[in-house]
Amino acid sequence: RILLLVTTASCLFLWTMPAFSAELKPGDVINAQNLDQMKNQTFQGHKIGDMLTEMVEMMIREKGLKIPLKNTEPIPVDDRWVELTKKYSGQVKLDPETRNISGYVAGEAFPNVQMDDPNAALKLVWNSQMVGGYPRGDVQMVPKFQFLFIDGNKGITRVQQWTFVNAYYQGRLNEPHVMDPDIYKKNITVGLSPFDIAGVGTYSIRYMDGRTDDFWAHMKSVRRTRRLSGGSWMDPIGGTDMLNDEMEVLNIHPSWYEGFELLGKKHLLAIVHSKRPSWDEGSTGDLYPGIDHKNPPYWNPTDAWEPREIYVLRAKLPKEHPYAQKTMYMDTQIPLLLYAEAYDHAGQMWKMIFFGMSPLKTGDG
């Protein structure tokens, strides 16, 4: 079974050529039938087999995933973010003991992370979490998104519709760049449909110093708002099997995990220029053109994948967490985590967390 999140604002043929054939072209498709032949071929000079993680290869072989290839494109960057990085990054300090940072105002916290830096992994994780202003926006508003509950044998079995807002208090591209030095962001998430979740909602405050979130929930059944434990950051969202710290792959204060390790840097295939909306709300035909929901196992993406230079990070989680470890894959151009694999306390792969994206220019630029 799989749970899939889709938003309104994003957010087959068989090869018979031998292994020594010419380099693959944009539009060529990797699938279970041709994978062994294609693994030794190259695309944009990179060997296909080297650009597939073990779990992505498993999804191709066992779960029907098809990977159309496309040329790498740069991700558009806001000039204000570049200028703020130049202006303020030099004053950002990391305390390896507390895993906190100080001196952050806006832009990328650590723009020149070196592979041999003993704190490289922690700095990269901070970059991935300080994405207010850019690329998320000073205020990240998603008026409607859906959770699709998918049975691999039956297809979509249930749909929930939600809304959320993240208001960032640090790293804003507009003045003031810092609205409150103690707060990183505030979030409101509310269920819209079906009836059993409509009106259920949460409100949370994320702090800069590593204390757990202040977290409240509106309990529809008793028409009351109740404060929840700060440990809610590792709890499931709204009856799904998606945890709060898995939103957009990783949603934490970096001090909450036991530690991070930088395993290396390599080229991997990923979706960062989606050409299809994952949810086309106004369609009279296919509501979910970004998902192959008509063919088993009904959850595979239909977009093209491109080679991306990736940092490979490993996270060790606290013993109370449902998972013991995560391997995460972060783009080197923009501090975005593209996908991850979660492992249980027995060392077995529990879940693949995948986040396909596309650039979108919103009303505030």
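See the structure above.
Source: prediction; values computed, not measured.

Caption draft 1: Representation of the sheet that holds strand E14 (residues 259-270) within the structure. Taken in spatial order, the 5 strands make up an open sheet running E14-E15-E16-E17-E18, and their pairing is antiparallel. With partners counted over all chains shown, the strands left at the sheet margins are E14 and strand E18 (349-354), one partner each. For this sheet, the mean angle separating the axes of adjacent strands, direction not counted, is 20 degrees. With 6 bridges connecting them, strand E16 (residues 325-331) and strand E17 (residues 337-343) associate as antiparallel partners. The residue bridging Tyr-329 from the neighbouring strand is Tyr-339, located in E17. Packed onto the sheet, helix H2 (residues 54-63) meets E17 and E18 and runs at close to 90 degrees relative to E18. Its contacts with the sheet put helix H4 (residues 120-129) on E14, strand E15 (306-316), E16 and E17, and the angle it makes with E14 is roughly 65 degrees.

Caption draft 2: Geometry of the environment of Glu-261. Structurally, Glu-261 is set in strand E14. Along the sequence, Glu-261 and Arg-314 sit 53 residues apart, while their C-alpha atoms lie 5.1 Å from each other. The contacts of Glu-261, once residues within four sequence positions are left out, are Ala-121, Val-312, Leu-313 and Arg-314.

Caption draft 3: Representation of the nonpolar core. Counting residues in hydrophobic clusters, the biggest one holds 85 residues, and the most contacted among them are Ile-30, Ile-67, Phe-260 and Leu-313. With 6 residues, H4 is the largest single contributor of residues to this core. In this view, Phe-260 contacts Ala-121, Leu-122, Val-125, Ile-252, Pro-254, Arg-314, Ala-315 and Met-328; residues no more than four positions away in its chain are not counted. One finds Phe-145, Phe-149, Ile-197 and Ile-237 within the second-largest nonpolar core, a separate group that totals 10 residues.

So, how was this worked out
Residues numbered from 1 in each chain as written. Predicted model: local features only at pLDDT ≥ 70, side-chain atom pairs only at ≥ 80, totals over all residues. Heavy atoms only, no water. Pairing = 2+ DSSP bridges. Helix = DSSP H or I, 4+ residues; strand = E, 2+ residues; numbered from the N terminus. Axes fitted to C-alpha atoms, helices over the stretch in contact; angles between N-to-C directions. Contact = heavy atoms within 4.5 Å. Core = buried A, V, L, I, M, F, W, Y, C linked by side-chain atoms within 4.5 Å. Buried < 20%, exposed > 50% of the residue type's maximum accessible area, 1.4 Å probe, protein only.

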